Each structure stands twice: as C-alpha cells, then as structure tokens.
Amino acid sequence: MTVSILITPDDDLGEELAAAVTGGNRFALIAWAIREYLDRRAVDAAAAWHAALAGEDAAAYAEFNATW
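What you see is a predicted model; the values in this text were computed from it and never measured.

Glancing now at helix H2 (residues 26-51). With 26 residues, H2 should cover 38 Å at 1.5 Å per step; its first-to-last C-alpha distance of 38 Å lies within 8% of that length. Its side-chain oxygen 2.9 Å from the backbone nitrogen of Phe-27, Asn-25 forms the N-cap of H2.

For the protein, per-residue confidence averages 85 on the pLDDT scale, and residues scoring 70 or more make up 97% of the total. Summarising per-element confidence for the protein, the mean pLDDT is lowest in helix H1 (residues 11-21) (85) and highest in helix H3 (residues 55-66) (90).

Space inside the largest pocket adds up to approximately 160 Å³. Around the largest pocket sit Ile-5, Ile-7, Phe-27, Ile-30, Ala-31, Ile-34, Arg-35 and Leu-38, which together line it. When its residues are assigned to classes, the lining of the largest pocket shows 7 nonpolar, no polar and 1 charged.

This paragraph deals with a negative patch on the surface. A surface patch of like charges, here negative, comprises Asp-10, Asp-11, Asp-12, Glu-15 and Glu-16. Mapped onto the fold, Asp-11 is located in helix H1. We classify Asp-11 as exposed; its relative accessible area is 64%.

What follows deals with the packing of H1 against H2. Between two packed helices, the angle of one axis relative to the other and the distance separating the axes together describe the packing. For the pair H1 and H2, interaxial distance at closest approach is 9 Å and the crossing angle is 95 degrees. Classed by the angle they form, the pair H1 and H2 counts as roughly perpendicular. Only Arg-26, Leu-29 and Ile-30 of H2 make contact with H1, whose side of the interface consists of Gly-14, Leu-17, Ala-18, Ala-20 and Val-21. Of the residues that constitute the contact of H1 with H2, the class distribution is 6 nonpolar, 1 polar and 1 charged.

The rules behind these values
- Residues numbered from 1 in each chain as written.
- Predicted model: local features only at pLDDT ≥ 70, side-chain atom pairs only at ≥ 80, totals over all residues.
- Heavy atoms only, no water.
- Helix = DSSP H or I, 4+ residues; strand = E, 2+ residues; numbered from the N terminus.
- Expected span 1.5 Å × (residues − 1).
- Polar contact = N/O pair within 3.5 Å; in protein donor to acceptor, adjacent residues only side chain to side chain.
- pLDDT = per-residue confidence, 0-100.
- 1 Å grid on protein atoms, 1.4 Å probe; cavity = no way out; pocket = protein on both sides within 12 Å on 5 of 7 lines; lining within 4 Å.
- Points joined across faces, edges and corners; volume = space filled by probe spheres on them.
- Nonpolar A, V, L, I, M, F, W, Y, C, P; charged D, E, K, R; others polar.
- Patch = residues over 30% accessible without salt bridge, like charges linked within 9 Å, V, L, I, M, F, W, Y side chains within 5 Å.
- Areas by Shrake-Rupley, 256 points an atom, 1.4 Å probe, with all protein chains shown as cover.
- Salt bridge = Lys/Arg side-chain N within 4 Å of Asp/Glu carboxyl O.
- Lys, Arg positive; Asp, Glu negative; His and termini not counted.
- Charge placed at Lys NZ, Arg CZ, Asp CG, Glu CD.
- Buried < 20%, exposed > 50% of the residue type's maximum accessible area, 1.4 Å probe, protein only.
- Axes fitted to C-alpha atoms, helices over the stretch in contact; angles between N-to-C directions.
- Parallel < 35°, antiparallel > 145°, perpendicular 65-115°, else oblique.
- Contact = heavy atoms within 4.5 Å.

Dropping the structure here:
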C-alpha cells in the first residue's frame, strides 16, 4: 500500500531541517522519521500482543522464544 502525506514545515522547522541535512533533502529526513515512528509503533503493538498472551498461547510463545 502506498500513502501520500503532504507536509509543509513551518519556518522554524524548515530552518532546523536545513541545518540538520546541511543542504540535503529535508523531506527525505521527514519521510525517514515517519517510517521509523511507524516501525516503533508496530514493534510496540507486537510487544503488547505478546504480553497479552495467556495459557497455552503464552506457553507456546515462551517455548519459541527460549530457542532464541
């Protein structure tokens, strides 16, 4: 799936981004930050799901993790 997002940084953020990328692509940095945020949310969601396991499911998960 592809999602398009229009982001218009305000002047202060634009200046900070320009300084951070030293003339590079500011919007590539924004895209990277969004991807990283979404990845963290996915990891957090998976951790919460694993923590919610009970009974046989929790035992199977613990057994699986023991090999790692």
